[in-house]
Every structure is written in structure tokens, then in C-alpha cells.
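A look at the structure
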Amino acid sequence: MSTATGMGPAAGGSTATGASTAAGAPGPADRAALPSAARVVVKVGSSSLTDARGHLDRERLTALVDVLAARRAAGGQVVLVSSGAIASALGPLGLPGRPRDLATQQAAASVGQGLLVADYARAFAAHGLRVGQVLLTADDTVRRTHHRNASRALERLLALGVVPVINENDAVATQEIRFGDNDRLAALVSHLVRADALVLLTDVDGLHTGPPGRPGSVRIPLVRGLEDVAGVDVSARGSAVGTGGMVTKLDSVAIATASGVPVVLTAAANAAGALAGDDVGTFFAATGRRTSVRLLWLAHAARTRGRLLLDEGAARAVRDRGTSLLPAGVTRVEGDFDAGDPVEIVGPDGVVLARGLVAYDVAEVPPLLGRSTSDLRAELGPGYDRELVHRDDLVLVGRTTLLP
Ligand SMILES: Nc1ncnc2c1ncn2[C@@H]1O[C@H](COP(=O)(O)OP(=O)(O)O)[C@@H](O)[C@H]1O
Ligand SMILES: N[C@@H](CCC(=O)OP(=O)(O)O)C(=O)O
């Protein structure tokens, strides 16, 4: 994962900002703003919802719903991103542990998702609230028409007073198009719904200086920026049913905070305290401004399908002047991509400068390389004078990772 800067005027530091839709101020700077945050995305992990035998833990699920319902009763809007589909099907299907192959994961998710949403519907109904299930794939946050569609549906659910319950569409997502973890999905959803804060609930009470439980390892209450997590050891594996451990949570934090959304990371049992702005877990301050969700996805999460290698002039133009990438400045193409796929844009020194959505299929590119736009138009027709990657579809790669 990498943090990146959009092609527009940078908000400063190594944060991300998009050229096309940059708008709005950074989110609340500290915990004091949490009690009055109008719209909150809450993500809960598998380990906080299931028991050791692979069944839903109704007591913990209900306790969480009670907290979220109280927030709704106080006038706040809540979007819930819930994991647990796969984990809660292990018991009912008699599976010994989290399946490794995609087909069994899909089947388990299909069964568990039904159980999960039935329980949420029951628990929220006790407070007079309805839930709406929304299953997303990565495409729903990156393809322009899809994310507009997803955003419209979520807005309407919220306007109707419904609590959206979101998960990845695991039953049909292929390996290539999967997020794979709900931490990053939650950060992109926060952006999609313009949340005021993101609360990540897990089985530890926050980010620790080292693996929780190791002598000397202590909770970090506040992270103001990337430099505060340098040296933090996040190598310890997460729970047996969760995916990604602390690594994907910090990826999520990087995406959210860089786009203006502050994050609280804490244990599910501390959900009420987190929303009240109490000193629980770890508060990550917002560092950047809101940006386009497509560019966020491109910068942080998309799997690239190929590489475009640039000459020095093109590398300078892209890096320093934020221009589109024209065929004239490209010396080589690698990979297997279709028009619209994410690719890496690489300087002559081999360093990745940017990521972009390429405008041509890979087979079309070689005859265009090194040729001027006017040449291409004269020889191949007006369709071939377009950019290889338009500047609106391009993000510069800044700091390579949040982690040390
Ligand atoms: N520095 C750290 N601070 C806190 N937790 C850590 C750290 N390094 C690794 N972890 C692990 O991350 C786990 C949480 O991730 P995960 O199991 O994926 O949770 P979830 O199912 O809630 O998404 C914790 O159980 C903890 O063991
Ligand atoms: N979509 C998957 C969850 C994947 C995931 O990120 O799990 P977790 O690390 O527990 O948040 C499921 O519902 O099983």
C-alpha cells in the first residue's frame, strides 16, 4: 500500500489530494469533535462478533447495536461496515477454520452473511430501527458510474433513517477484484458517504507500541501523523478469523486520515466511549483534505495490471507539472491490461512515480510509443491522439508506506 498525492495542488506533506474533486476542510482535529460528528462509519471485525466455535456471538453483537442505536436516537447517522460473514458460517457449516480457497470462502460468506444481517435486523428492530444490507465490490468504489450509484443508494438509505450494514460482496467477488479486508473498504466507504469520523472496532484496545501482551507494549492514545507510528511493531498476526491484523487497519487509517476523516481504533467493548470522545483506543487525526474516492482507491488499494516506462522528460512533466501522460514520453509497456485498468507509471530510474487508469488496451500501445500526438492523429485518426493516461486519472505516489 502506498500513500499518494493527487495531481492537483497538494494539501501539504505526504497526504493525498485529488485535482478533480478536492473540496471541504479536513475533519475534526481531535476527539472532542466525536460526540457531535453528524455521520459516523463504524467498522467491526470478525473477532468481535463471533465465538471460538465459529458462531455469531449474539451478546456482543447486541451490545454493539445498543450503542449504535443510542447514537441514532441522539440524532447521529451511522453506517455500519461489518465483517463476520465467513467467520460466523464456520460453526453452522462444520468447517474447522477459516477456509483458504476462494470457493469455500465464497460459500461460507454466502451463508454467514444471511445469518449476520438477520441478527442485525433483529437487534436494531428492538430499537425501532431498520437495517439495509449493502454488499460492495472494489469496482463499486472505483468505476465512476458504480461509485455514484453506491453513494446514491447509501444517501437514500440514510435519508430514510435506515442503518446501512455494509460488507464486501464475498460470494461473487473474484480474487482479482476483492478488497480482501473490510478495514480498507471502511475507509473508502467513509469517503464515499463523506463521514465525519471512522471508528474501527477490533479485539484490542488500540494501536500498541508492539504486539499487545508483550511486556512493555503500551497503547498509543494519539497519532497526529505518519511520523508518530514510525517504529511501531505491527508484525503480530491478528485473530484466527480476522484478516490482515493491524497492517490493514493502518492502511485504512492512512486512506481515511489522508482524505480528511479522523479515525478511532479501539476494542468493540469501547464503542460507546469512542463515540463519546473518551480517551479509549487510538485517535488518528485527519491530515489531509477530501479527495476523489477513485483516486484514493487508485493510490492506496487498486492492484495494477501493467507498467508504463517513461523517458526523463515525461517523468519530469508528470511528477513536477502534473500533466497527462502522452505516448511520446513512453519508452516501454509491460503487463496485460484493458483500457480503464490501473497501471504503474515508472521513471527511467525504475522508481514508480504514479499510478493511473490507462486509456488503451495493452495491444494498442506499442505502435504509439515515442510518437507525437499530431503524428498519431494524422496516421491513425483522431481517436489515437488522446492521452495514454489523463491527468484526472493519475495520482502521484509519494511516501511509499505508512509502516516503517
Ligand atoms: N502494534 C499492535 N497494536 C495492536 N494490535 C496489534 C499490533 N500488532 C498486531 N496486532 C494485532 O492485530 C489484531 C487485530 O486485527 P484482526 O485480527 O485482523 O482484527 P479484526 O478481526 O477486528 O479485523 C489484534 O488482535 C493484535 O493481535
Ligand atoms: N468480508 C469478510 C471480512 C474480511 C475482513 O476484513 O475481516 P476482519 O479482518 O475481521 O475485518 C467477511 O465478512 O467474512
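Residues numbered from 1 in each chain as written. Chains lettered and ligands numbered in written order. Predicted model: local features only at pLDDT ≥ 70, side-chain atom pairs only at ≥ 80, totals over all residues.

**Concerning the overall build of the chain**
- Looking only at helices and strands, one finds 11 helices and 14 strands in the chain.
- Residues counted as buried form 48% of the 404 residues belonging to the chain.
- For the chain, long-range pairs separated by at least 24 residues make up 74% of all intrachain contacts whose partners lie at least 6 apart in sequence. (Helix = DSSP H or I, 4+ residues; strand = E, 2+ residues; numbered from the N terminus. Buried ≥ 20, exposed ≤ 12 C-beta atoms within 10 Å, placed from the backbone. Contact = placed C-beta atoms within 7 Å.)

**What about the sheet that holds strand β6 (residues 197-202)?**
- Spatially, the 8 strands line up as an open sheet ordered β4-β5-β3-β2-β6-β8-β9-β7, and their pairing is mixed. Two strands in the sheet have a free side with no partner beyond their single neighbour: β4 (131-136) and β7 (222-223).
- In terms of strand pairing, strand β3 (residues 77-82) meets strand β5 (residues 163-168) through 2 bridges, oriented parallel. By the bridge assignment for β5, V81 is matched with I166.
- Packing of helix α1 (residues 58-73) onto the sheet brings it into contact with β2 (39-44), β3 and β5, and relative to β3 it is tilted by some 155°. (Pairing = 2+ DSSP bridges. Axes fitted to C-alpha atoms, helices over the stretch in contact; angles between N-to-C directions.)

**Re the nonpolar core**
- Among the nonpolar cores identified, the biggest contains 107 residues, and V41, V79, V189, L198, V199, L325 and I345 are the most heavily contacted of them.
- Among the elements that line this core, the one with the most residues is helix α7 (residues 245-258), at 8 residues.
- Three or more residues apiece are contributed to this core by two domains, here domain 1 (27-287) and domain 2 (299-397).
- Residues in contact with V41, not counting those within four places in the same chain, are V79, V81, A186, V189, S190, V193, A195 and L198. (Core = buried A, V, L, I, M, F, W, Y, C linked by C-beta atoms within 7 Å. Domains from an automatic or database assignment.)

**Side note on the environment of A315**
- By secondary structure assignment, the location of A315 is in helix α10 (residues 312-321).
- On the basis of neighbour count, A315 is assigned to the buried category, with 21 C-beta atoms found within 10 Å.
- Residue contacts for A315: discarding those within four places in its chain leaves L310, G347, P348 and L353.

**Focus: the UniProt feature "binding site: substrate" (unreviewed entry) in the chain**
- UniProt tags S83, D170 and N182 as "binding site: substrate" (unreviewed entry). The largest pairwise C-alpha distance within this set of annotated residues, which runs over 100 residues, is 10.8 Å, so the set is compact in three dimensions.
- Tracing the backbone shows S83 in the loop between β3 and α2 (90-93).
- With respect to the secondary-structure elements, N182 resides in helix α6 (residues 182-192).
- Assessed through the 29 C-beta atoms surrounding it within 10 Å, N182 is described here as buried.
- Setting aside residues up to four positions removed in sequence, N182 forms contacts with K43, V81, S83, N167 and E168. (UniProt positions renumbered as here; feature names shortened; annotations may be inferred.)

**Description of the domain arrangement of the chain**
- The domains assigned to the chain are domain 1 (27-287) and domain 2 (299-397).
- When each unit is reduced to the centre of its C-alpha atoms, the spacing between domain 1 and domain 2 is 36 Å.

**Here's the deal with the pairing of strand β12 (residues 342-346)**
- Of all 5 residues in β12, 4 are buried; the element is thus mostly enclosed.
- Relative to β12, strand β10 (residues 306-310) runs parallel, the two being bridged by 3 bridges. When the bridges of β12 are listed, L309 appears paired with V346.
- The pairing of β12 with strand β13 (residues 352-357) spans 5 bridges and is antiparallel. Following the sheet pairing, P342 is matched in β13 by L357.

**A look at the environment of P367**
- Tracing the backbone through its elements, the reader meets P367 in the loop between β13 and α11 (373-380).
- Taking C-alpha positions, P367 is 9.4 Å from P327, a pair spaced 40 residues apart along the chain.

**Notes on the confidence of the model for the chain**
- Model confidence for the chain is summarised by a mean pLDDT of 85, while 86% of its residues fall at 70 or above.
- Counted against residues more than four places away or in other chains, residues 1-28, with its pLDDT under 50, gives 100 contacts.
- Below pLDDT 50 for its whole length, residues 399-404 participates in 17 contacts with residues either more than four positions away or in separate chains. (pLDDT = per-residue confidence, 0-100.)

**Focus: the environment of L296**
- Relative to the helices and strands, L296 resides in helix α9 (residues 293-300).
- Between the alpha carbons of L296 and H191 there is a distance of 9.0 Å; along the sequence they are 105 residues apart.

**Overview of the UniProt feature "domain: PUA" (unreviewed entry) in the chain**
- Under the feature "domain: PUA" (unreviewed entry), the UniProt entry names residues 306-385.
- A helix fraction of 22% and a strand fraction of 28% characterise residues 306-385, whose end C-alpha atoms lie 21 Å from each other.

**Quick look at helix α3 (residues 102-125)**
- The terminal C-alpha atoms of α3, which comprises 24 residues, lie 33 Å apart, in line with the 34 Å expected from a rise of 1.5 Å per residue.
- Within α3, the full set of buried residues consists of Q105, A108, A109, G112, Q113, L116, D119, Y120, A123 and F124.
- For α3, the secondary structure elements touched by its buried residues are α1, β3, α2, β4 and β5. (Expected span 1.5 Å × (residues − 1).)

**Things to note about unusual backbone geometry**
- Look at R194: it is not a glycine, yet its phi comes out positive at around 55°.
- Turning to its location among the elements, R194 is positioned in the loop between α6 and β6.

**Notes on the packing of α6 against α7**
- Interhelical geometry of α6 versus α7 gives an angle of 15° and a closest axis separation of 8 Å. As summarised for this structure, α6 and α7 are arranged roughly parallel, according to the angle between their axes. The crossing of α6 and α7 is right-handed. Across the interface between the two elements, D183, R184, A186, A187, L188 and S190 from α6 touch T248, K249, D251, S252, I255 and A256 from α7.
- A class-by-class count of the residues in the contact of α6 with α7 yields 5 nonpolar, 3 polar and 4 charged. (Parallel < 35°, antiparallel > 145°, perpendicular 65-115°, else oblique. Left-handed = near helix turned anticlockwise from the far one by under 90°. Nonpolar A, V, L, I, M, F, W, Y, C, P; charged D, E, K, R; others polar.)

**Side note on the packing of α1 against α3**
- At a minimum axis separation of 9 Å, α1 and α3 run at an interaxial angle of 50°. Judged by the angle between their axes, α1 and α3 are oblique. Every pair of crossing elements has a handedness; the one defined by α1 and α3 is right-handed. Contact residues: R58, L61, T62, V65 and A69 in α1; D119, Y120, A123 and F124 in α3.
- Counted by class, the contact of α1 with α3 contains 6 nonpolar, 1 polar and 2 charged residues.

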